[in-house]
Amino acid sequence: MFQDTPKQYFKYRAVNEYGISALSNNEIYFAAPSELNDPFDCRIPYDWGFESNEHIKRYFEISGLKSEFIKENHINEMNYYHLFNDAIQRQKLVDFLTIKILDTSDKYGIYSVSKVHDSIIMLI
């Protein structure tokens, strides 16, 4: 599985204050997806697979967002379950999940490297 893994990777950095600081302090920087130069890098698809109420309920349970949704919408747990019976209210649940999922995308960093040490594209 790892037999094709390169023995070396190369990191391209600008020669500026940040690049020199990272090099001299042995630091690496993980960029947020919104900082990348390609808008399609790390793009999360919008079809979450919420075809059924069971999928939505399960995601709320697993993610821990159920209590947050209940609190933000000033409802009790019984009212939360009734939302699944109304198409408009159900869409509010899906919209809430979508926003929360997209909001998490910049909480993770990307460290990009190259297998090639002399890539013209990486120098641009």
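Anything mentioned here points back to the structure above.
A. Just the layout of surface pockets, in detail. Space inside the largest pocket adds up to approximately 620 Å³. In this structure, the largest pocket is lined by 15 residues; those nearest its centre are K11, Y12, L36, N37 and S112. Across the lining of the largest pocket, the residue classes tally to nine nonpolar, two polar and four charged. Taken as a whole, the second largest pocket spans an internal volume of roughly 230 Å³. Considering the residues around the second largest pocket, the lining is formed by 13 residues, among which K11, R13, G19, A22 and L23 are closest to the centre. By residue class, the composition of the lining of the second largest pocket is eight nonpolar, two polar and three charged.

B. Molecular detail of unusual backbone geometry. Non-glycine residue N26 carries a positive phi angle of around 55 degrees. Looking at where N26 falls in the secondary structure, it is placed in the loop between α1 (17-24) and α2 (53-63). Here the phi dihedral of H74 falls at roughly 50 degrees; this positive angle occurs in a residue that is not glycine. Along the polypeptide, H74 turns up in the loop between α3 (65-72) and α4 (77-82). On the basis of relative accessibility, which here comes to 73%, the residue H74 falls in the exposed class.

Rules of the game
For every chain, the first residue of the written sequence is number 1, and numbering continues from 1 along that sequence. Restriction of local features to residues with pLDDT of at least 70 applies here, the model being predicted, together with a cutoff of 80 or more for giving and counting side-chain atom pairs; totals for whole chains, interfaces and linings are based on all residues. Only heavy atoms go into the side-chain values, all of them from the structure, while hydrogens and water stay out. Computed over the protein atoms alone on a 1 Å grid, cavities are sets of points where a 1.4 Å probe fits but cannot get out and pockets are open sets with protein on both sides within 12 Å along at least five of seven lines; a residue lines them when it has an atom within 4 Å of a point. Grid points are joined across faces, edges and corners, and a volume is the space filled by probe spheres set on the points. Any residue that is not Ala, Val, Leu, Ile, Met, Phe, Trp, Tyr, Cys, Pro, Asp, Glu, Lys or Arg is counted as polar, Gly included; the first ten are nonpolar and the last four charged. In this text, helices come from DSSP runs of H or I with a minimum length of four residues, and strands from runs of E with a minimum of two, each type numbered from the N-terminal end. Type-normalised accessible area, obtained with a 1.4 Å probe on protein chains alone, sets the label of each residue: buried when under 20%, exposed when over 50%, and partly exposed for intermediate values.

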